[in-house]
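# Summary of the model geometry
One-letter residues, chain by chain:
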Amino acid sequence: VGIGSRAGDWPCEYCVLMLVDRLLPSDEARALLDLTGQLSDRELAPRAAADERAARFPRDVMRLLGASGLLSLPYPVEFGGGGQPYEVYLQALEEISRRWASVAVGVSVHTLSCYPVFTFGTADQRGDWMPEFLGGDLLGAYCLSEPQAGSDPAAIATTAQACPGGGYRLNGTKAWVTHGGEADFYNVFARLIDGGADRGISCFLVRAGASGLSFGRPERKMGLTGSTTASVLLDDVEVGADALVGEPGHGLTIAFGALDSGRLGIAACAVGLAQAALDAAVDYARERVAFGVPIIQHEGLRFLLADMIAAVDSARATLLDAARRRDAGRAFSRAASTAKLVATDAAMKVTTDAVQVLGGYGYTCDFPVERYLREAKVMQIFEGTNQIQRLVISRQLAHD
């Protein structure tokens, strides 16, 4: 949709841009996105700003989304999931993020946290745990990073000592854990020690309430303050033999596989946040009058908004391309890194430009765009920094 040359053209064309049917695989998917938007408008949008100001974790909202089936969308119906392709799940996540980014990140992290058991667990583990994880009452967390092992997970120092009678004893510290202290189960990546030998990094499932499991003080962050981030402390945490997910020493394979999908989730959150900033900027530009006309009629500002639209549309297209590759069973690791890189950089640009459109008002807490800008920054950092995404993309070039 182009930008018209007449002063009255923009509002109509912008509405067409926003309301155009998405390329969805079914009427069911279209209805799902409509319902997700309606639920988010009713339950999320009215309280997002207040909860973010109070740094309050909205566990009740997560339970509501769970009861509505929005915490289980991309997993099979046989396990209690929604049975939706990733391209539909990610667009539902975008709808949530447009109203409240912290909640969308929470949904993405929970979906990521279910991945190890679903993909690498035994049949018994999947049958016993997946319905519980997808039932709506439980919330997951993913414990990969450590104080000295962020972008370099091979440097993990947390250990899981194999016990003579079976099971494992975990010791160490995990850092930057979304839902730390709030989750019901934790995927913990630790170095397995068996008979004095290092068997390599492995994945373990730890339930909340386990003896020796504790948490650091929640981090004081510049954005996404409604999403609790804390260290996870493991002091002789004992788990059973069935807590090992996947083969011993295959932890990094599990971690990287999960992160490919998780990066798509964060990219969707970034697109939703960028769309929210674009919406706010357009609404303001249509209402604010300067030099006798709404500022949206000034060509300089129209071009800025056009660039913002191009950034959002490009990010969404890149994301959906990666999602469709995943749904088709094709390799999508590089596409996921590209989507994460493009979408989060777009979110940073669009939220920054939204503040500029609003001028002095955009710099105040009375308008949401300053919060959007603060929330966009971390999306360039977590799930692998954008520098790491460039490294992943460039390394794969050698193997093409």
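Everything below is about the structure shown above.
Residues numbered from 1 in each chain as written. Predicted model: local features only at pLDDT ≥ 70, side-chain atom pairs only at ≥ 80, totals over all residues. Heavy atoms only, no water.

This part takes up the environment of V293. On the secondary structure map, V293 appears in strand β10 (residues 293-294). C-alpha separation for the pair V293 and A241, spaced 52 residues apart in sequence, amounts to 70 Å. (Helix = DSSP H or I, 4+ residues; strand = E, 2+ residues; numbered from the N terminus.)

The next thing to look at is the packing of helix α8 (residues 251-287) against helix α11 (residues 369-379). Between α8 and α11, the least distance of the axes is 10 Å, while the angle of their chain directions is 160 degrees. One element, α8, and the other, α11, form an angle in the roughly antiparallel class. Read as a crossing pair, α8 and α11 show a hand that is left-handed. Where α8 approaches α11, its residues I266, C269, A270, L273, A276, A277 and A280 are matched on the opposing element by V369, Y372, E375, A376 and M379. (Axes fitted to C-alpha atoms, helices over the stretch in contact; angles between N-to-C directions. Parallel < 35°, antiparallel > 145°, perpendicular 65-115°, else oblique. Left-handed = near helix turned anticlockwise from the far one by under 90°. Contact = heavy atoms within 4.5 Å.)

This next bit is on the pairing of strand β2 (residues 159-162). Side chains A160 and A162 project from β2 onto a buried face, and the interleaved T159 and Q161 project onto a face without burial. The sheet contact formed by β2 and strand β3 (residues 168-178) spans four bridges and is antiparallel. If you follow T159 over to β3, its bridge partner there is N171. In this sheet, strand β4 (residues 185-194) lies alongside β2 in parallel orientation, the contact comprising three bridges. Paired with A160 across the two strands is L192, which belongs to β4. (Buried < 20%, exposed > 50% of the residue type's maximum accessible area, 1.4 Å probe, protein only. Pairing = 2+ DSSP bridges.)

Here we come to the packing of aromatic side chains. Enumeration over the complete set of coordinates arrives at 12 aromatic pairs. Measuring from ring centre to ring centre gives 6.3 Å for Y284 and Y361, while their planes differ by 55 degrees; the resulting arrangement is tilted. On the criterion of sequence distance, the pair formed by Y284 in helix α8 and Y361 in the loop between α10 (333-358) and α11 is long-range, its members being 77 residues apart. For Y361, a relative accessible area of 46% translates into the label partly exposed. (Phe/Tyr/Trp six-rings, centres within 6.5 Å; stacked < 30°, edge-to-face > 60°.)

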